[in-house]
Structure formats: structure tokens, C-alpha cells
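Coordinate analysis (summary)
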Amino acid sequence: MAEIWKGAPVVAAMKERMLADTARLRERGVIPTLAILRVGQREDDLAFERTAIKRSGTVGVEVRSVALPEDVDQEILVAQARVLSEDENVHGLLLMRPLPGNLNERMVRRAMRPEKDVDGITGISLAGVFTGSDVGFVPGTAQSVMEILDYYGVDVKGKRVTVVGRSLVVGKPAAMLLLGRHATVTMCHTRTADLPAETRRADILVVAAGKRGIIGAEHVSPGQIVIDVGIHVDENGKLCGDVRFDEVEPIVGAITPVPGGVGTVTTSVMLEHVVRAAKKNVSLD
Ligand code: NAP
């Protein structure tokens, strides 16, 4: 039986950290503020926004929602991103993605200041993941993986870590962060010749393939730590991950559940980025 590494205690620990920081910022008259820029009314975006607003209130961060109509002009969207980016009372800017198909996301990203890019989507933020610079921010999901490992006391130094998935949003930044902590990292993707062999030999397995149930008993070995980043809805409307939890859990040492694992932590990571951006702004360490 594995230990089930839930996101909730990680979130609680982050909340304590953020409350301490936001109290110090408020003493200086600074209210850390996140602007959410949304186009249209996608249910996913609205659900995320509701969660962000609810959680931000518990940690002393304010959220300002800016919603534009589905048929907004590209120029208006870019101009809005620029206005929020330049607003000195906004410390973090989150663009809800994907944008409707007719809009060019790259142009919006270019209008965003990396110091406010709390979701890590600008080129400078991503470059920072590779170069170790902290001008921008690490993409939230990759950072969530690290928060979970840190909270549960895992020192990745010298450990064999296999990351399944190489997207710019999750797999690559997660691999770079792990490498930065001196893990020995293997990255797997759709052309990996023998996925079960690669995943079985890991001490820590991070799965971000976006394929429901891709990892089963044949991919894991006793004692491993398994971090499941995937989020899917099954045919019964239930959330599930990239890992077949019921098969894998009896074998491995620890596993994050879906729901209740990585996804739970992502919102807090973004809010903590807002707090960090606000602290940097007033040179508060
Ligand atoms: P993505 O852009 O679709 O990338 C998936 C990656 O997995 C690709 O690199 C792909 O390889 C690899 N892959 C796909 N099938 C594979 C297979 N059969 N064997 C080995 N590798 C395979 O997905 P993403 O945006 O990184 O998201 C990954 C998952 O994380 C999704 O389920 C998403 O919903 C979830 N997610 C969760 C959170 C959260 O907060 N928990 C946030 C963001 C995303 P190739 O490069 O060769 O195509």
C-alpha cells in the first residue's frame, strides 16, 4: 500500500507562508493583486477563476477579473494585456488559455511583462527555467510537482527521475527544475522505445502525458514515488489521471491522487507567484 500524497496539506503549508508575506506587504500598504484576463465564457476558465478568487481571499491576495467578449479584436486584447501589465497595482497577470482560435496568443504574451507573468508563459519566463534566472516565473504545474516533493521531504539529489511528457507547460520545465536540484533525469515521449523499462527504473516517476491511464502496473516498481499530473474526465464524469491508480497504488511507495493531488496545488503556486512579484516590487525579501 502506498502513501497517498494529497495536495491539501501542501496547500495549507503554502497558505501559512503566503499569509505571513501578505501581512508584511499590507503593513507597507501593498495589496498583492492578480489580474485574470479572460476571453469568452468557457466553463473551464470560469471554474478556475472561481477557485482562484476563493483561495486568494484566504491568503490575502486580491483578484481583478477582466473579461472580454468571445469576438474581441486582437488589438483590444493585446492593449488590455499591456494596460494590466503596466498597472502598478497589478502584480501578477494570468491569461486564460487557450484563446478562441481567431486570436494570436503569442502577440498577447509579448505584451506581458515577464515580472508579472505568474503563469510562466512568456519567452523570458521559460528561458529563466533553463538558465536559472528569476526574471519571470516557472510554469505553475511544473512548480507544483516540486512543491509536493518538497513538502513530503523528498531530496531529489542523485535520484533517478523519469518524466513522461515533454510539453513546454509541464514536462520540460519539470525536468529542468529536477535537473537543477541534481536529479538524474530521463524524459520520455511518444517516440520512447520502451516506456515501461524507462519508467520502472525510476526512483521518482512524474507523469504528464495527457493520456488517461497510460501508466499501469507494468510501468512501476516497488517503492517508487509517482506524481500524476494528468487530469481527465472518465465516462462516468469522474476526474482521473494518467496513472491507473488502483493498479499502481498497491505496488509503489507513494502516489499523488487525481483529483486531490497536483491540480490542487497549482492555484496556490500561482498565488504565491503573485505574492513574490509584489515582494520583489517593494524589495521585500
Ligand atoms: P501535452 O502538451 O499534450 O503533452 C503531452 C506530452 O506527453 C507530449 O510530450 C507527448 O509526447 C507525451 N506523450 C503523450 N502520449 C504519450 C505516450 N503514449 N507515451 C509517452 N509519452 C507520451 O500535455 P500537457 O499540456 O503537458 O499536459 C499533460 C497532462 O497534464 C494533461 O493531462 C493535462 O490535462 C494535465 N495538466 C494538469 C495540470 C494540473 O494543474 N494538474 C496543469 C496542466 C496540465 P510527444 O512530445 O512525443 O508528442
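Note that this is a predicted model, so its numbers are computed, not measured.

**Digging into the sheet that holds strand β6 (residues 184-188)**
In spatial order, the strands read β1-β11-β8-β7-β5-β6; together these 6 strands make up an open sheet with parallel pairing. The two strands at the open ends of the sheet, each matched to only one other strand, are β1 (3-4) and β6. One ladder, built from 2 bridges, connects β1 with strand β11 (residues 254-255); its direction is parallel. Bridge pairing links Ile4 to Ile255 in β11. Sitting on the sheet, helix α7 (residues 171-180) is in contact with β5 (160-164), β6 and β7 (204-207), with an inclination near 170° to β6.

**What about the pattern of salt bridges?**
One pass over the full model with this rule turns up 20 salt bridges. Each of Arg17, Glu147 and Glu272 takes part in a single network of salt bridges with overlapping partners.

**A short note on the pairing of strand β2 (residues 33-39)**
In regular strands, side chains alternate between the two faces of the sheet. Within β2, 7 of the 7 residues are buried, leaving the element largely enclosed by the surrounding structure. Of the two faces of β2, both are covered, the one formed by Thr33, Ala35, Leu37 and Val39 as well as the one formed by Leu34, Ile36 and Arg38. Taken together, the 7 bridges between β2 and strand β3 (residues 62-68) define a ladder with parallel strand orientation. If you follow Ile36 over to β3, its bridge partner there is Ser65.

**Observations concerning the domain arrangement of the chain**
Structurally, the chain comprises domain 1 (28-134) and domain 2 (140-263). Listed per partner, the contact involves 4 residues of domain 1 and 5 residues of domain 2. The junction of domain 1 with domain 2 conceals about 460 Å² of combined surface from both sides, 77% of it contributed by carbon and sulfur atoms. On the domain 1 side of the contact with domain 2, Leu126, Val129 and Phe130 bury the most area, a combined 80% of that side's loss. Joining domain 1 to domain 2, the criterion identifies 0 salt bridges. If you look at where domain 1 meets domain 2, you find 0 residue pairs in polar contact (both at pLDDT 80 or more). Its residues placed into classes, the side of domain 1 that touches domain 2 shows 3 nonpolar, no polar and 1 charged.

**Details of a nonpolar patch on the surface**
A grouping of Phe130, Leu168 and Val169 is seen on the molecular surface, where their side chains present a nonpolar patch of about 270 Å² in accessible area. Within the element layout of this structure, Phe130 appears in helix α5 (residues 123-131). The class of Phe130 is partly exposed, set by a relative accessible area of 46%.

**Observations regarding the layout of surface pockets**
What the largest pocket holds in volume is close to 1,300 Å³. Together, 40 residues line the largest pocket, and Phe48, Thr141, Ile231, Gly263 and Thr266 are the ones closest to its centre. Taken together, the elements giving at least two residues each to the lining of the largest pocket come down to α2 (43-59), β4 (92-95), α6 (140-151) and α10 (262-281). A per-element tally of the lining of the largest pocket places α2 first, with 7 residues. When the residues that make up the lining of the largest pocket are grouped by side-chain class, the tally is 20 nonpolar, 11 polar and 9 charged. Looking at which domains feed residues into the lining of the largest pocket, each of domain 1 (28-134) and domain 2 (140-263) supplies at least three.

**Some details on the packing of α6 against α10**
Remark: α6 packs on α10, axes separated minimally by 8 Å, with the N-to-C direction vectors making an angle of 105°. Considered as vectors, α6 and α10 are oriented roughly perpendicular to each other. Where α6 abuts α10, its residues Gly140, Thr141, Gln143, Ser144, Glu147 and Ile148 lie against Val262, Val265, Thr266, Val269, Glu272 and His273. In the contact of α6 with α10, the residues fall into 4 nonpolar, 6 polar and 2 charged.

**Description of the nonpolar core**
One broad rule of soluble globular proteins: the nonpolar side chains tend to lie buried together. Ranked by size, the top nonpolar core spans 50 residues in total, and within it Leu34, Leu149, Leu178, Ile204, Val206, Ile225 and Ile227 carry the most contacts. Per-element accounting of this core gives the leading share, 9 residues, to α10. With near-sequence residues (within four places) excluded, Leu149 lies in contact with Trp5, Val154, Val156, Leu178, Ile204, Ile225 and Ile227. Of all hydrophobic cores here, the second largest spans 19 residues; its members include Leu68, Val78, Leu93 and Val108.

Criteria and thresholds
Residues numbered from 1 in each chain as written. Predicted model: local features only at pLDDT ≥ 70, side-chain atom pairs only at ≥ 80, totals over all residues. Heavy atoms only, no water. Pairing = 2+ DSSP bridges. Helix = DSSP H or I, 4+ residues; strand = E, 2+ residues; numbered from the N terminus. Contact = heavy atoms within 4.5 Å. Axes fitted to C-alpha atoms, helices over the stretch in contact; angles between N-to-C directions. Salt bridge = Lys/Arg side-chain N within 4 Å of Asp/Glu carboxyl O. Buried < 20%, exposed > 50% of the residue type's maximum accessible area, 1.4 Å probe, protein only. Domains from an automatic or database assignment. Buried area = accessible area lost by both parts, 1.4 Å probe. Polar contact = N/O pair within 3.5 Å; in protein donor to acceptor, adjacent residues only side chain to side chain. Nonpolar A, V, L, I, M, F, W, Y, C, P; charged D, E, K, R; others polar. Patch = residues over 30% accessible without salt bridge, like charges linked within 9 Å, V, L, I, M, F, W, Y side chains within 5 Å. Areas by Shrake-Rupley, 256 points an atom, 1.4 Å probe, with all protein chains shown as cover. 1 Å grid on protein atoms, 1.4 Å probe; cavity = no way out; pocket = protein on both sides within 12 Å on 5 of 7 lines; lining within 4 Å. Points joined across faces, edges and corners; volume = space filled by probe spheres on them. Parallel < 35°, antiparallel > 145°, perpendicular 65-115°, else oblique. Core = buried A, V, L, I, M, F, W, Y, C linked by side-chain atoms within 4.5 Å.

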